[in-house]
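# Geometric and topological summary
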Amino acid sequence: MAGSLRVSFAGPGATVQDGGRHGYLRFGVTPAGPMDWVAFRTANLALGNLADAAAVEIGVGGIDLFCETAPVAVAFAGGAFLWRRNGAELPAAARLLLEPGEMLTARPAAFGAFTYLAAAGGFAVPRVMGSQATHLRSAMGGIEGRCLRAGDALPVASQAPPCAGFEAEIDAPWLAQDPSPFRVVLGPQDDHFTPEALSIFFAGSFTLTPAADRMAYRFAGPEIAHARGHDIVSDGVALGAVQIPGDRQPLILMADRQPTGGYPKLGHVARADIGRLAQLRPGESCRFQAVSLAKARAALLALEDEAAGVAGHLRPLRRALSCANLLKANLIDGICDPFAGEGMEGNSKKPV
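Values in this document were obtained by computation on a predicted structure and should not be read as measured data. (Residues numbered from 1 in each chain as written. Predicted model: local features only at pLDDT ≥ 70, side-chain atom pairs only at ≥ 80, totals over all residues. Heavy atoms only, no water.)

## Brief notes about unusual backbone geometry
Here the residue pair G187 and P188 is connected by a cis peptide bond, since its omega of 5° sits within 30 degrees of zero. Tracing the chain through its elements places P188 in the loop between strand 13 (182–186) and helix 2 (195–203). You will see that N86, though not glycine, has its phi angle at about 50°, which is positive. Residue position: N86 is located in the loop between strand 6 (82–85) and strand 7 (88–90). The phi torsion at R248 lies on the positive side, around 65°, for a residue other than glycine. Mapped onto the elements of the fold, R248 is located in the loop between strand 17 (241–243) and strand 18 (251–253). Residue R248 is classed as partly exposed on the basis of its relative accessible area, which comes to 35%. (Helix = DSSP H or I, 4+ residues; strand = E, 2+ residues; numbered from the N terminus. Buried < 20%, exposed > 50% of the residue type's maximum accessible area, 1.4 Å probe, protein only.)

Now the structure itself:
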């Protein structure tokens, strides 16, 4: 019997996401999907799932989950969140076998805006237009097209695997905090900005404002002046598009972006850096760097290879030292009689 996780508490922004609802942009349907596709994929692949299997995206509000009915194999990865099982601290990325009655909790810690919880086989929520991804603005996908809340059940699609040697820490250096500039490929409307404006963009420092959600991240920094006004005929927009609206401040489109837009796009953040960008919290600052399409593609392929090799980055999970864990441990393998064999050769002590 496959198990289930019950939501005891969910902060704002916790949703079910899969790889996204693709093929419907021409009908005005946005893909949705994970904000940090790298962390999302890492959690799924650590379980042997398909890379785009449905998982829970958890924001800085955190989440509490209760395992019920049967054991559930899970993995989590993302920002440096504080994870606990029954109160015992866990690594920021790990693979676990939850037993019925165990509680798993996540809260934000050192850095990052999102972490992901995957389950063996994915979560069995309904598909809408071929996808389980939640798009909040259209109330589509996931559980009733909304954020998770207390009382929600998250059934798991398959049974948990045998527990022997299963639990592991995920050592994923590709998820570490990285202060490097975000790489940007220029276009398609970079000609709407003067060379001086482009220089200011790539030389400046920009701070993420509180006006940031799954649709777009708005930044504050040096003004980026337009050469020919801030309106264009609306055209299609892609993930990571750097729009410069009338206030001359960058607006970067994220997972729940609209299908079309009427502001000139200076460029696009390279897909390899989208996950890092998504992990910014309001108030944090960053810089941007212009790169060629070839370099952006090479960075993406290298990152995909790293994430695909997660099975080689599993380390034995060390349980926290506690009375409960000590009682579960096999600390001895028998009792020795100190007088057994006295006077015999070797004066050996035999277990009884």
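Alright, that's what it looks like, and here's the rest.
## Let's talk about the nonpolar core
Nonpolar side chains tend toward joint burial in soluble globular proteins. Ranked by internal contacts, the top residues of the largest apolar core, which has 54 residues, are Y217, F219, L277 and F288. Not counting residues within four places of it along the chain, the set of residues in contact with F219 comprises F206, T207, L208, T209, Q249, P250, I252, L277, L280 and C286. In this structure, A10, F81, I143 and L148 belong to the second largest nonpolar core, which totals 31 residues. (Core = buried A, V, L, I, M, F, W, Y, C linked by side-chain atoms within 4.5 Å. Contact = heavy atoms within 4.5 Å.)

## Structural notes on the sheet that holds strand 22 (residues 288–290)
Strands sit in the order 21-14-15-18-17-20-13-22 across an open sheet of eight strands; the sheet is mixed. The sheet is open, and its two edges are formed by strand 21 (285–286) and strand 22, each paired on a single side. Sheet topology places strand 13 next to strand 22; three bridges connect them, and they run parallel. Residue pairing across strands places V184 opposite A290, the latter belonging to strand 22. Running at roughly 135° to strand 13, helix 3 (residues 271–278) makes contact with strand 13, strand 15 (216–220), strand 18 and strand 20 (265–269) of the sheet. (Pairing = 2+ DSSP bridges. Axes fitted to C-alpha atoms, helices over the stretch in contact; angles between N-to-C directions.)

## A look at the layout of surface pockets
Quantified by volume, the largest pocket comes out at close to 510 Å³. In terms of lining residues, the largest pocket is bounded by 30 residues, among which A176, Q177, D178, F182 and R276 are the most central. Contributions of two or more residues to the lining of the largest pocket are made by strand 13, helix 3, strand 21 and helix 4 (293–308). For the lining of the largest pocket, the class distribution of residues is 14 nonpolar, eight polar and eight charged. As for the second largest pocket, its lining consists of 22 residues, of which G13, F114, A212, D213 and R214 are closest to the centre. Broken down by element, the lining of the second largest pocket gets its largest block of residues, three residues, from strand 14 (residues 206–212). Classifying every residue of the lining of the second largest pocket by side-chain character gives 13 nonpolar, three polar and six charged. (1 Å grid on protein atoms, 1.4 Å probe; cavity = no way out; pocket = protein on both sides within 12 Å on 5 of 7 lines; lining within 4 Å. Points joined across faces, edges and corners; volume = space filled by probe spheres on them. Nonpolar A, V, L, I, M, F, W, Y, C, P; charged D, E, K, R; others polar.)

## Comments concerning the environment of V185
Turning to its location among the elements, V185 is positioned in strand 13. With 84 residues separating them along the chain, V185 and V269 place their C-alpha atoms 6.4 Å apart. Excluding residues within four positions of it along the chain, V185 makes contact with G267, H268, V291, S292, L293 and A296.

## Concerning the sheet that holds strand 7
In space, the six strands of this open sheet follow the order 7-6-9-4-1-11, with antiparallel pairing throughout. Pairing within the sheet leaves two strands with one partner each, and these edge strands are strand 7 and strand 11 (153–155). Going from strand to strand, the sheet's axes swing by 25° on average, the running direction of each strand aside. Sheet topology places strand 1 (residues 4–10) next to strand 11; three bridges connect them, and they run antiparallel.

## As for the side chain of D64
Tracing the backbone through its elements, the reader meets D64 in strand 4 (residues 63–68). In this structure, D64 is in contact with R6, V7, S8, F9, M103, L104, T105 and R107, ignoring residues within four places of it in sequence.

## Quick notes on the packing of aromatic side chains
Following the criterion strictly, the structure yields nine aromatic pairs and no others. Judged by centre distance (6.1 Å) and plane angle (45°), the ring pair of F182 and F288 falls under tilted. On the criterion of sequence distance, the pair formed by F182 in strand 13 and F288 in strand 22 is long-range, its members being 106 residues apart. Taken as a pair, F182 and F288 share a single burial class, namely buried. (Phe/Tyr/Trp six-rings, centres within 6.5 Å; stacked < 30°, edge-to-face > 60°.)

## Focus: helix 2
Within helix 2, the full set of buried residues consists of A197, L198 and F201. Considered in projection along helix 2, the buried side chains sweep an arc of 100° and stay on one side of the axis. More than 90 degrees from the buried face of helix 2, the exposed residues found are P195, E196 and A203. The inward-facing, buried residues of helix 2 abut strand 13, strand 14, strand 17, strand 20 and strand 22. (Arc of directions from axis to C-beta.)

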